[in-house]
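# Structural overview
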Amino acid sequence: MPARLYKHIETIWNFHLMGHEVMPADCLFVLCSNDIRVAEYAAELYRRGLAPYVLVSGGKGRFTEEVFEKSEAETFAEILLDEGVPHRAILLEKEATNMGENVTLSHSLLEQKGLRFHRFILVQKPFMERRAYATFLKQWPDEVQSVVCTSPPIPFLEYPNIDLTFDHVVEATVSDFERIKDYPAQGYQIEQSIPDEVMSAYNEIKKAGLW
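Quick caveat, the model's predicted, so the values are computed rather than measured. (Residues numbered from 1 in each chain as written. Predicted model: local features only at pLDDT ≥ 70, side-chain atom pairs only at ≥ 80, totals over all residues. Heavy atoms only, no water.)

Moving on, we come to the environment of glycine 59. Of note, glycine 59 is situated in the loop between β2 (53-57) and α3 (72-82). The class for glycine 59 is buried, based on a relative accessible area of 2%. For the pair glycine 59 and lysine 94, spaced 35 residues apart in sequence, the C-alpha to C-alpha distance is 4.6 Å. If sequence neighbours within four positions are ignored, glycine 59 has contacts with Ser71, Glu72, Lys94, Glu95 and Ala96. (Helix = DSSP H or I, 4+ residues; strand = E, 2+ residues; numbered from the N terminus. Buried < 20%, exposed > 50% of the residue type's maximum accessible area, 1.4 Å probe, protein only. Contact = heavy atoms within 4.5 Å.)

Another point: helix α2 (residues 37-47). For α2, a buried count of 8 out of 11 residues is recorded, marking the element as mostly surrounded by other parts of the structure. Within α2, the full set of buried residues consists of Arg37, Val38, Ala39, Tyr41, Ala42, Ala43, Leu45 and Tyr46. Turning to α2, the residues buried within the fold contact β1 (27-31), β2, α3, β4 (119-123) and β5 (146-150). Within two residues after α2, glycine 49 carries a phi angle of roughly 80°, on the positive side.

The next subject is the side chain of glutamine 192. Assignment of secondary structure puts glutamine 192 in the loop between α6 (166-186) and α7 (196-208). On the basis of relative accessibility, which here comes to 10%, the residue glutamine 192 falls in the buried class. Residue contacts for glutamine 192: discarding those within four places in its chain leaves Met18, Arg130, Tyr133, Ala134 and Ile180.

Here we take up the pairing of β5. Burial analysis of β5 places 4 of its 5 residues in the buried class, the great majority of the element. After leaving β4, the chain enters helix α5 (residues 129-139) and then returns to the sheet as β5, a path that is right-handed. (Right-handed = clockwise from strand over helix to strand, strands pointing away.)

What the 5 strands build is an open sheet, ordered β3-β2-β1-β4-β5; its pairing is parallel. Two strands close off the open sheet at either side, each with one partner strand: β3 (90-93) and β5. Within this sheet the neighbouring strands show an average axis-to-axis angle of 20°, counted without direction. Inspection of the sheet shows β4 paired to β5 by 5 bridges, in the parallel sense. Residue pairing for β5: arginine 119 is matched across the bridge by serine 146. Along the sheet, α5 makes contact with β1, β4 and β5, crossing β5 at roughly 160°. (Pairing = 2+ DSSP bridges. Axes fitted to C-alpha atoms, helices over the stretch in contact; angles between N-to-C directions.)

Another point: the state of the cysteines. A full pass over the atoms with the stated rule returns 0 disulfides. No disulfide involves cysteine 149; its nearest neighbouring cysteine sulfur is the one of cysteine 27, lying 13 Å away. (Disulfide = S-S within 2.5 Å.)

Turning our eyes to something else, we now look at the nonpolar core. Membership of the largest hydrophobic core comes to 39 residues, with the highest contact counts inside it found for Phe29, Phe120, Leu122, Phe127 and Phe136. The set of elements that each furnish at least two residues to this core consists of α1 (3-16), β1, α4 (99-112), β4, α5, β5, α6 and α7. Looking at this core element by element, the count peaks at 6 residues for α6. Those residues in contact with leucine 122 that lie beyond four places of it in its chain are Phe29, Leu31, Ala132, Tyr133, Phe136, Val147, Val148, Cys149 and Thr150. Within the second largest apolar cluster, 27 residues are counted, among which are Leu28, Val85, Ile90 and Val148. (Core = buried A, V, L, I, M, F, W, Y, C linked by side-chain atoms within 4.5 Å.)

This part covers the packing of α2 against α3. One can describe the packing of α2 onto α3 by two numbers: an axis separation of 9 Å at closest approach and a directional angle of 40°. In terms of orientation, α2 lies oblique with respect to α3. Regarding α2 and α3, the two cross each other, and that crossing is right-handed. Of the residues in α3, those in contact with Val38, Ala39, Glu40, Ala42 and Ala43 of α2 are Phe76, Ile79 and Leu80. By residue class, the composition of the contact of α2 with α3 is 7 nonpolar, no polar and 1 charged. (Parallel < 35°, antiparallel > 145°, perpendicular 65-115°, else oblique. Left-handed = near helix turned anticlockwise from the far one by under 90°. Nonpolar A, V, L, I, M, F, W, Y, C, P; charged D, E, K, R; others polar.)

Given below as structure tokens:
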């Protein structure tokens, strides 16, 4: 791949990162996926005392149904337990199949349990931070006092591993940018400003025809 494309992809990767300061909250809201490092990072945040509850949401997705024996939420919950998060602190939503359902079904779960949280820390993969934030703000039915989004602090070129190949990470980085760009018009997310340099990087990547 030409070096200039690495730069363009990294520009989009950095756009996905919200850069939020993580402050104490009522709940760590973990949007599950095929990357268990997100669960490990959520456990670290819990051990740091940033929230008394960890809400994990995710059913069986197209990237995990052949990999995980259980739902994404149950798989993440087992990791949380192994990492020292007590069972009483874990809230489990195991039916969601997309990010919108992560939000709406998790809200329903809290209502069923009589829990009402006002401050959230969203925990997600780096290239899905901005989309998670935009989806939550659009689809969470209640008013909240604060919402921040964070992810495992791993640089772009170090993020691929045996489970998430470089090509997969790049494709996801680009496709999630397209969702940020297109989904507000469909009512799925809030509108977000896209800097010119980010849009230019995306256009150059599409012009190259690799993803």
